[in-house]
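These are the residues of each chain, in order.
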Amino acid sequence: MTSQRTSNGYDTDSLIHRNQLLTEEIRRRVDQLGAINTVASTVSQSLNLEITLQTALDAVLNVIKIQGAGISLLDEAAGELVLRAQRGWKNDFVTQPMRIPLGDSLSGTVIHTDEVVITGDLTGDPRLAIAAFAEERVQAMAMVPMHARGRVVGILSVMNYEPYTFADEEITVLRAIADQVGVALDNARLYESTKEQASRLNAVLHSSGDAIIATDSHGNINLINSTAETLFDLHVKDLVGMPLREAPVHPKLREGLRRAMQDQEHGNTAFDVRLEDGRALSAIVSPVYSHQSPESAEEAEGWVMVVQDVTHLREAETTRMNFLHSAAHDLRNPLGAIMGSMVMLDSDKAELSQLHQELVHIAMTSVNRMQDLIDNLLNLEQVESGLGLQLKPQDVHELIERCMVDIQPHLRLKEQVLQLDVPEQMPQVLGDMHWLYRAMMNLLGNAHKYTQAGGEIIMRAYQENGELFLEVQDNGRGVPPDVQHRLFERFFRVASKERDEVRGSGLGLAIVKSVAEQHNGRVYVQSREGAGSIFGIVLPLV
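As the structure is a computational prediction, the values presented were derived from the model and not from experiment. Sequence order as written defines residue numbering, which begins from 1 separately in each chain. Only residues with pLDDT of at least 70 get local features here, since the model is predicted, and only at 80 or more are side-chain atom pairs given and counted; chain-wide, interface and lining totals rely on the full set of residues. Side-chain measures here rest on the full set of heavy atoms in the structure, leaving out hydrogens and waters.

## Some points on the pattern of salt bridges
Then, number 1: Here a salt bridge means any side-chain nitrogen of Lys or Arg lying within 4 Å of a carboxyl oxygen belonging to Asp or Glu. Taken as a whole and judged by the stated rule, the model has twelve salt bridges.
Then, number 2: With a closest N to O distance of 2.8 Å, aspartate 75 and arginine 99 form a salt bridge. Taken together, the residues span a long stretch of sequence, with aspartate 75 in strand β1 (residues 68-75) and arginine 99 in strand β3 (residues 99-101) at a distance of 24 residues.
Then, number 3: Look at aspartate 75 and you get partly exposed, because its relative accessible area is 24%.
Then, number 4: Note that arginine 460 is salt-bridged to aspartate 421, the shortest N-O span being 3.1 Å. Helix numbering and strand numbering both begin at the N terminus, where a helix is a DSSP run of H or I of at least 4 residues and a strand a DSSP run of E of at least 2. Exposed residues in this analysis have more than 50% of their type's maximum accessible area, buried residues have under 20%, and partly exposed residues fall in between, with area computed by a 1.4 Å probe over protein chains only.

## A short note on the packing of helix α10 (residues 396-413) against helix α11 (residues 433-450)
Helix-helix packing is characterised by the crossing angle of the two axes and by the distance between the axes.
Then, number 1: Between α10 and α11, whose axes approach to 10 Å, the crossing angle comes to 35°. Two packed elements cross with a definite hand, and for α10 against α11 that hand is right-handed. For the pair formed by α10 and α11, the contact residues are Glu398, Leu399, Arg402, Cys403, Asp406, Ile407, His410 and Leu411 on the first element and Met433, Leu436, Tyr437, Met440, Met441, Leu444, Gly445 and His448 on the second.
Then, number 2: Gly is placed with the polar residues, together with every amino acid not listed as nonpolar (Ala, Val, Leu, Ile, Met, Phe, Trp, Tyr, Cys and Pro) or charged (Asp, Glu, Lys and Arg). By residue class, the composition of the contact of α10 with α11 is ten nonpolar, three polar and three charged. To get an axis, a line is fitted to the C-alpha atoms, and for a helix only the part in contact is used. The angle between two axes follows their N-to-C directions and goes from 0 to 180 degrees. Crossing handedness: left-handed means the near helix sits turned counterclockwise from the far one by under a right angle, and right-handed means the same turn made clockwise. Residues are treated as being in contact if the distance between any of their heavy atoms lies within 4.5 Å.

## A look at the side chain of glutamine 86
Then, number 1: Within the secondary structure layout, glutamine 86 lies in strand β2 (residues 80-87).
Then, number 2: Residue classification places glutamine 86 among the buried residues on the basis of a relative accessible area of 16%.
Then, number 3: Identification of polar contacts relies on pairs of N or O atoms within 3.5 Å, with a donor-acceptor requirement for protein atoms, meaning one able to donate a hydrogen and the other able to accept it, and with residues adjacent in sequence counted only if both atoms are side-chain atoms. A distance of 2.7 Å separates a polar atom in the side chain of glutamine 86 from the backbone oxygen of asparagine 91.
Then, number 4: A polar atom in the side chain of glutamine 86 sits 3.3 Å from the backbone nitrogen of valine 94.
Then, number 5: Contacts of glutamine 86, omitting those with residues within four sequence positions, involve Leu57, Ala69, Gly70, Asn91, Asp92, Phe93 and Val94.

## Some details on the packing of aromatic side chains
Then, number 1: Aromatic pairing here means that ring centres of Phe, Tyr or Trp (its six-membered ring) are within 6.5 Å. Orientation follows from the plane angle: under 30 degrees is stacked, over 60 is edge-to-face, and everything else is tilted. Evaluated as defined, the whole model comprises six aromatic pairs.
Then, number 2: An aromatic cluster is defined as three or more aromatic residues linked by ring pairs; in this entry it consists of Trp89, Phe93 and Phe133.
Then, number 3: Criterion for a charge above a ring: Arg CZ or Lys NZ at most 6 Å from the ring centre, at most 35 degrees from the ring normal. In this arrangement the basic side chain of arginine 402 is found over the ring face of tyrosine 437, its NZ or CZ atom lying 4.6 Å from the centre.

## So, the environment of valine 396
Then, number 1: Among the structural elements, valine 396 can be located in helix α10.
Then, number 2: Owing to a relative accessible area of 2%, valine 396 belongs among the buried residues under this scheme.
Then, number 3: Between the alpha carbons of valine 396 and leucine 436 there is a distance of 9.9 Å; along the sequence they are 40 residues apart.

Any functional reading would require information beyond the geometric quantities listed.
Here it is as structure tokens:
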């Protein structure tokens, strides 16, 4: 049968053949685009690393008629490529992952040059970094770099066990698939790393000996650890999503947490709570910011509350205080005799040498310091016992004025400035003026000692929800968060070179706390290192 010519002069058989070639080319291009779309669609729907790897290999083998393919991921720390998936190979190099040193190898060339490497017969090729790979007897291979976030993260390799010539469009398809897989694998690895970190964090939280409760920005509980469940006899399933104000925890603790969450300006807030059953709890509330520093966020995005059962510590302190009370009384008599002798010697200065006069002065100073320590111990014991405490309506302005006048001589020595922030009209507070005065003077003295020369101290008073807040704020060096919950403990002093130079017994803040508790109030501290501190007392109003 002879072929016919068309009106434009083409041979009919030739035209049919050209159409067939064009159809096959279109089909091949469609298959290539389909493979790329399949990879893109699959990897965008899954963060599972293994699924992503196998899907990519299936797509490659479907669109390019070669016999094997593999994906290796870069281990930058080890300077190696690790084979993570293979398809169509003669030997298994994944179960015991093949690790390929970079160096001057074929893989190293791809990584360092960021270019596709195409080879023929690899038998005896000196660029093979792994001798065992020579047993594959590959006759043709193309190695394509995979990218993610602008860097090479691995290699997509395709190979044939018979001679094969890779067309330019095939390399183009391999490049497209490799980059799709590179981004997906990087996302999958980040996801797995995030899951691992979350799992580790969850294990740490639930193994902590401290009760931990976290809330979102609206005050709804979103995390509670095992210790908190045990301490408060609660269940996670009943609490998650519940507003903290409705949580079935002790009212004193819930109220303390709520107040701490209301004021996030000064960072962490610590307070103590003593329950009716005798248990003592110490809590610290910290705002959570997604930014690197609190200054860069307008509002906290949640809160974390850490609560410790410190009953055993309080019991130990009671035992220690009983011993100190007895010891203090036994020390007063001999100290009185020593001081009397020193006074008599000091009255005869004319008969003493300069050296002896200095020694007498040192002895009298030391005796005075010991007597101050004993007095503080006895004051602490007295206020804790409640003996002689007389609660009467007191004028807040009178209390503030007395403290302001008496602290001024001390402030002048360091050129410090005292500012008052007190409304003109203040309701009366139910308390004992002697002990309230002692507590506020202790707070002012503490701010004076730990604030630099020329610093500023603010004494503040305000009322809120039927309670009086008395605060002393300084712009000193602040207190580390991990010790804030211990600041009101007896004899506790923050360990640092600068603070060791400041003399003190470690009882001043303990007396403040005891005074507040005897007035049915509480104490708190808000501090951030390098930004100063606020020490406060909360008392019920008349």
